[in-house]
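# Results of the structural survey
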Amino acid sequence: MTRHLWESLAGPVPFAPENPKLPPFYQMLVLSMYWGLVDARETRLFSKTTWLSVRMFGCQVRVKLVCHMGDDGHPVATILAADEQASFET
């Protein structure tokens with residue numbers, strides 16, 4: 001999860017894996033994909049991107065989930081705000 005997305009969800013609170021806001025966010029993300037509530041999808045040579053809207057903490061948050069190869073060559077998923085551009089996407 002990028003800093004920009006975290007701050008849009010939690011405000012100016014430092015990221016912490018044990019933050020109680022994370023499990024419901026991940027659950028809504030997975031359920032939205034399971035139910036097919038996807039805004040758009042894009043497949044590139046080395047990545048797949050899915051855009052979706054997740055309702056969390058009283059607001060609608062548009063996110064982008066990018067599945068790609070990590071630095072060590074293993075697959076990873078990065079969660080960004082929908083309007084963010086990551087360095088590995090260029």
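My aim in this report is to walk through the structure given alongside it, one point at a time. Being a predicted model, the structure only gives us computed values, none of them experimental.

The rules behind each value
Residues numbered from 1 in each chain as written. Predicted model: local features only at pLDDT ≥ 70, side-chain atom pairs only at ≥ 80, totals over all residues. Heavy atoms only, no water. Salt bridge = Lys/Arg side-chain N within 4 Å of Asp/Glu carboxyl O. Buried < 20%, exposed > 50% of the residue type's maximum accessible area, 1.4 Å probe, protein only. Core = buried A, V, L, I, M, F, W, Y, C linked by side-chain atoms within 4.5 Å. Helix = DSSP H or I, 4+ residues; strand = E, 2+ residues; numbered from the N terminus. Contact = heavy atoms within 4.5 Å. Phe/Tyr/Trp six-rings, centres within 6.5 Å; stacked < 30°, edge-to-face > 60°. Pairing = 2+ DSSP bridges. Axes fitted to C-alpha atoms, helices over the stretch in contact; angles between N-to-C directions.

Time to look at the pattern of salt bridges. Here the structure, examined in full by the defined rule, presents 2 salt bridges. With a shortest N-O distance of 2.9 Å, Arg-44 and Glu-42 are connected by a salt bridge. The partly exposed category is assigned to Arg-44, whose relative accessible area is 40%. With relative accessibility at 30%, the residue Glu-42 sits in the partly exposed group.

This brings us to the nonpolar core. Formed by Leu-5, Leu-9, Phe-25, Leu-29, Leu-52, Val-54, Met-56, Val-61, Val-63, Leu-65, Ile-79 and Ala-81, the largest nonpolar core amounts to 12 residues. Elements represented by at least two residues in this core include exactly helix 1 (3-10), helix 2 (22-34), strand 2 (47-56), strand 3 (59-69) and strand 4 (75-81). Sequence-distant contacts of Leu-9, defined by excluding residues within four places in its chain, comprise Met-1, Lys-21, Phe-25, Met-56, Phe-57 and Val-61.

What follows deals with the packing of aromatic side chains. In total, this model carries 2 aromatic pairs according to the counting rule given. Centre to centre, the rings of Trp-6 and Phe-15 are 5.1 Å apart; their planes meet at 80°, and the pair counts as edge-to-face. Of the residues examined, Trp-6 reaches a relative accessible area of 3% and is grouped as buried. Note on Phe-15: relative accessible area 45%, which makes it partly exposed. Considering the side-chain rings of Phe-25 and Tyr-26, the 5.8 Å spacing of their centres and the 55° angle between planes classify their relative orientation as tilted. Accessibility expressed as a relative area gives 34% for Tyr-26, which makes it partly exposed.

Attention shifts here to the sheet that holds strand 2. Here we have 4 strands laid out as an open sheet, ordered 1-2-3-4, and antiparallel in their pairing. Only two strands of the sheet have a single neighbouring strand rather than two, namely strand 1 (38-43) and strand 4. Adjacent strand axes in the sheet meet at a mean angle of 20° when their direction is disregarded. Both strand 2 and strand 3 contribute to a ladder of 10 bridges, which runs antiparallel. In the sheet register, Val-54 faces strand 3, and the bridge partner there is Val-61. Along the sheet face, helix 1 touches strand 2, strand 3 and strand 4 and points at about 50° away from the line of strand 4. Against the sheet, helix 2 engages strand 1, strand 2, strand 3 and strand 4, with an angle of about 115° to strand 2.

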